[in-house]
Amino acid sequence: MLTRHPANPLLKHTDCPFPATTVFNAGVAKYQGRYVMLFRNDHGRWGHPKFDGTNLGVAESEDGIRWTVRPRPVLDAEGARAALRHLYPERFGPGFISRVYDPRITVIEGRAYLCFAVDTAHGVCGVMAETEDFETFRFTGLSAPENRNMVLFPEKIGGDFVRLERPFPMYLRGGAEDFPMWLSRSRDLSRWGETRPVLGPRDLPYANSKIGPAAPPVRTRAGWLAPLHAVNKDPERRLLGWEPNGWFKTYYAGLALLDLEDPSRVLGLMRTPLLAPEADYELDGFRGSVIFPCGFIVEDSGEARLYYGAADTAIAMASAPVEDLIAACEPLG
Ligand code: BMA
């Protein structure tokens, strides 16, 4: 369905002017007349899954293809700890925030809003923040654990801010992953509610484990086009990767079409993956066979660009005419 850009991967660790090992899962948006990317960097020894740490870097571009990385990372666990002290005081646990990662960028009326995952002593939380310069971040909200992915829509709907989210609940499940995607609303970006499930892995014939929101949805004439990620786990099939005990999960990009007025209503869904791991940079790396989209931009020309983490190691882009994507979504049975 999508065509991979010939320059893929568009960003890799060797493009960074600071210690970087795996560079992936990047929020991408058009902001103040250019493209901006906020990416995750797990740094350590190449080929080793135990990293020294994770930070976030920023890259900028005039065309969304050739990127220049800023000289230094802009956020790490220590920065997140300081920025979150008003929401999550230190006494809640030793090493209470150990990682900030998987950023998404949403621009609403010219302002840049961010969603991150933050590992805390009490599980993974979704965090919201605002920035003007992608250098300093004002953290505005923290979800209850466990919430792994949060993605904000690019405009208010019926007077509400709206986000898709993916709780990560393990309690009472005996380790089984069957996690759907949910939607919540807020008047003020601070108090969230009216939460309801939208789509689950059982809706997707190619997924058997979990799904989640990927990149901020884009408004089209037919509905909100919402990229997602969907996981198929096969313990019989060892995939390429750096994990000593093996890696068995294939991550696909998927696509849903949501109602413009009520985005908790699914109007259409691609029954096959929007993008499946096939290129060498998608099949091999820290975790092979992973496509994890965090950025989605529809150009004025009608070209829809999906930016994604490839094999948890590099950042790539693939595109298609937006009308083809709308046509590929079939009504939910
Ligand atoms: C998910 C997240 C992503 C990652 C993916 C594949 O659960 O942790 O950050 O890209 O797994 O490893």
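Before any of the text, the structure's been laid out above.
Asks: Quick question: what am I supposed to make of the side chain of Ser 184 here?
Replies: Residue position: Ser 184 is located in strand S13 (residues 181-186). Relative accessible area serves as the criterion here: at 1%, Ser 184 is assigned to the buried category. Within the local environment of Ser 184, its side chain forms a polar contact with the side chain of Thr 195, the two groups lying 2.8 Å apart. Leave out the neighbours within four places in its chain, and Ser 184 touches Phe 161, Val 162, Arg 163, Glu 165, Trp 192, Gly 193, Glu 194 and Thr 195.

Asks: Help me understand the pairing of strand S22 (residues 314-321) in this model?
Replies: Every regular strand shows the same layout, with side chains that alternate between the two sheet faces. Burial within S22 is extensive, with seven of its eight residues counted as buried. Strand direction decides the pairing type here: strand S1 (residues 3-4) and S22, joined by two bridges, are antiparallel. Residue pairing for S22: Thr 3 is matched across the bridge by Ser 319. Between strand S21 (residues 303-310) and the antiparallel strand that follows it, S22, lie three residues; Ala 311 among them carries a positive phi value of about 55°.

Asks: Is there a simple way to explain the packing of aromatic side chains in this structure?
Replies: Between two aromatic rings, the relevant description is the distance of the centres plus the angle of the planes. According to the stated counting rule, one finds 16 aromatic pairs in the structure shown. When the centroid spacing of 4.9 Å and the interplanar angle of 80° are considered together, the rings of Phe 51 and Phe 286 count as edge-to-face. On the criterion of sequence distance, the pair formed by Phe 51 in the loop between strand S3 (34-43) and strand S4 (53-61) and Phe 286 in the loop between helix H2 (280-283) and strand S20 (291-298) is long-range, its members being 235 residues apart. The exposure class of Phe 286 is buried, given its relative accessible area of 5%. One aromatic cluster in this structure is built from Trp 46, Phe 51, Trp 242 and Phe 286. The ring of Tyr 101 carries the charged tip of Arg 99 above its face, separated from the ring centre by 3.9 Å. Its end group placed over the ring of Phe 168, Arg 148 keeps NZ or CZ at 4.7 Å from the ring centre.

Asks: Help me understand the side chain of Thr 131 in this model?
Replies: Its place among the elements puts Thr 131 in strand S9 (residues 123-131). Within the local environment of Thr 131, its side chain forms a polar contact with the side chain of Asp 133, the two groups lying 3.4 Å apart. Among all residues touching Thr 131, those that are not within four sequence positions of it are Tyr 31, Ala 112, Leu 114, Thr 136 and Phe 137.

Asks: I would appreciate a short explanation of the nonpolar core in the present structure.
Replies: Most often, soluble globular proteins have nonpolar side chains that are buried together. By size, the foremost hydrophobic cluster in this structure holds 26 residues, and its most contacted members are Leu 2, Leu 225, Leu 274, Phe 296, Tyr 308 and Leu 325. The set of elements that each furnish at least two residues to this core consists of strand S18 (249-258), S20, S21, S22 and helix H3 (322-328). Here Phe 296 is in contact with Ala 215, Pro 216, Val 218, Leu 225, Pro 227, Ala 304, Arg 305, Leu 306 and Leu 325, once residues within four sequence places are set aside. If you look at the next biggest cluster of nonpolar residues, it comprises 25 residues, including Leu 38, Ala 83, Val 118 and Phe 139.

Asks: Quick question: what am I supposed to make of the state of the cysteines here?
Replies: By definition, a disulfide links the sulfur atoms of two cysteine residues through a covalent bond. Evaluated as defined, the whole model comprises zero disulfides. Of all cysteine sulfurs in the structure, the one in Cys 115 sits closest to Cys 125, which takes part in no disulfide; the separation is 13 Å. With relative accessibility at 2%, the residue Cys 125 sits in the buried group. Unpaired in terms of disulfides, Cys 294 finds its nearest cysteine sulfur in Cys 115, a separation of 11 Å.

Definitions and cut-offs
- Residues numbered from 1 in each chain as written.
- Predicted model: local features only at pLDDT ≥ 70, side-chain atom pairs only at ≥ 80, totals over all residues.
- Heavy atoms only, no water.
- Helix = DSSP H or I, 4+ residues; strand = E, 2+ residues; numbered from the N terminus.
- Buried < 20%, exposed > 50% of the residue type's maximum accessible area, 1.4 Å probe, protein only.
- Polar contact = N/O pair within 3.5 Å; in protein donor to acceptor, adjacent residues only side chain to side chain.
- Contact = heavy atoms within 4.5 Å.
- Pairing = 2+ DSSP bridges.
- Phe/Tyr/Trp six-rings, centres within 6.5 Å; stacked < 30°, edge-to-face > 60°.
- Lys NZ or Arg CZ within 6 Å of the ring centre and 35° of its normal.
- Core = buried A, V, L, I, M, F, W, Y, C linked by side-chain atoms within 4.5 Å.
- Disulfide = S-S within 2.5 Å.

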